[in-house]
Amino acid sequence: MKLVSLGRALGACTVLTAALLAQTAIAVTVKVQVFDQDGHALSDAAVYAVPLNGKLPTPHPGEAVIDQVKRTFVPLVTVIQTGTSVSFPNKDNIEHDVYSFSPAKTFELDLYSGVPSHPVVFDKPGLAVLGCNIHDSMIAYVYVVDSPYFGKSDQNGIARVENLPPGNYEFRAWHYQMADTTTLPSARLSTDADADVKVTVQTKPK
Ligand SMILES: [Cu+2]
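Thresholds, definitions, all that
Residues numbered from 1 in each chain as written. Predicted model: local features only at pLDDT ≥ 70, side-chain atom pairs only at ≥ 80, totals over all residues. Pairing = 2+ DSSP bridges. Helix = DSSP H or I, 4+ residues; strand = E, 2+ residues; numbered from the N terminus. Axes fitted to C-alpha atoms, helices over the stretch in contact; angles between N-to-C directions. Buried ≥ 20, exposed ≤ 12 C-beta atoms within 10 Å, placed from the backbone.

**Student:** How should I be thinking about the sheet that holds strand β3 (residues 63–65) in this particular structure?
**Tutor:** What holds strands together in a sheet is hydrogen bonding between their backbones, with the strands either parallel or antiparallel. Taken in spatial order, the three strands line up as β3-β7-β10 in an open sheet, and their pairing is mixed. At either end of the open sheet lies a strand with only one pairing partner, and these are β3 and β10 (120–122). Ignoring which end each strand starts from, the neighbouring axes of this sheet average 30° apart. Strand direction decides the pairing type here: strand β7 (residues 84–87) and β10, joined by three bridges, are antiparallel. For Thr84, the partnering residue across the bridge sits in β10 and is Phe122.

Structural data, given as structure tokens:
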């Protein structure tokens, strides 16, 4: 009896492993490198991929955290999928009052210490600029995208967009220092294997 159930368990395990392997095998990672007009790598750029056939998988929005540390939002830029819940733990020993007036998400967390009882759900795509009513220098950006395929560029300007099914995509980039956000710079790519793409962003004159 024991042997039989062990055999069944192993069988189920093998099927699961095979399914996982199959998924891994068909998923593609695209490294998108973001530059400014002078060819310098740009960190903190939001990058996302839009399938050209318009078909996005059923969303499974997750959770994100934006801390307040030494009167600074950490991180400065957060990229999330529409529907994601964001919590705003205050790690300082003074109170903060976090708000956004942006149309993509308007909210205010009245003066608080510690962790607010409810996260904020970002339910529309677009940019939300966050501030603190007490400390004017505090600023953060939440960039919300419908696509589950997104990333944020690191110090080398590289954003990894992972778990892409092979197909045709437009990769778009947004940066908080962009001069004009009416049309995002983009690159198209048809891929069935890991690939690299470059995108140039026009930043505001410094
Ligand atoms: Cu504050």
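Here the narrative resumes.
**Student:** Which parts of the structure should I look at to understand the environment of Asp180?
**Tutor:** Mapped onto the elements, Asp180 comes out in the loop between β15 (167–174) and β16 (186–191). Residue Asp180 is classed as exposed on the basis of its 9 C-beta neighbours within 10 Å. Distance from Asp180 to Val201, taken between C-alpha atoms, is 9.4 Å for residues 21 residues apart in sequence.

**Student:** Honestly, the pairing of β7 in this entry has me stumped. Any pointers?
**Tutor:** Strand residues, when the strand is regular, have side chains that alternate between the two faces of the sheet. Every second residue of β7 is oriented toward a common face, the buried set being Thr84 and Val86 and the non-buried set Ser85 and Ser87. Here three bridges tie β3 to β7, and the two strands are oriented parallel to one another. Each bridged residue has a counterpart across the sheet, and for Val65 the counterpart in β7 is Ser87.

**Student:** Hey, could you run me through unusual backbone geometry in this one?
**Tutor:** Among all residues except glycine, the phi angle is most often negative; among peptide bonds, the trans geometry is most common. Omega for the bond connecting Val74 with Pro75 falls within 30 degrees of zero, at 0°, which places this linkage in the cis form. Along the chain, Pro75 turns up in the loop between β5 (72–74) and β6 (77–81). The phi dihedral of Lys70 falls on the positive side, at around 50°, and the residue is not glycine. Following the sequence through the fold, Lys70 ends up in the loop between β4 (67–69) and β5. Although it is not a glycine, Asn163 adopts a positive phi angle of roughly 60°. Along the polypeptide, Asn163 turns up in strand β14 (residues 158–164). The exposure class assigned to Asn163 is partly exposed, which follows from the 13 C-beta atoms found within 10 Å.

**Student:** Looking at this structure, how should I read the sheet that holds β6?
**Tutor:** Read from one edge to the other, the open sheet built from five strands follows the order β6-β12-β11-β8-β9, with strand pairing classed as mixed. What marks the edges here is a single partner per strand, and that holds for β6 and β9 (107–112). Put simply, the sheet's adjacent strands are angled 20° from each other on average, direction ignored. Bridge analysis of strand β8 (residues 96–100) against strand β11 (residues 126–132) gives three bridges, and the strand direction is antiparallel. Of the residues in β11, the one forming a bridge with Val98 is Cys132.

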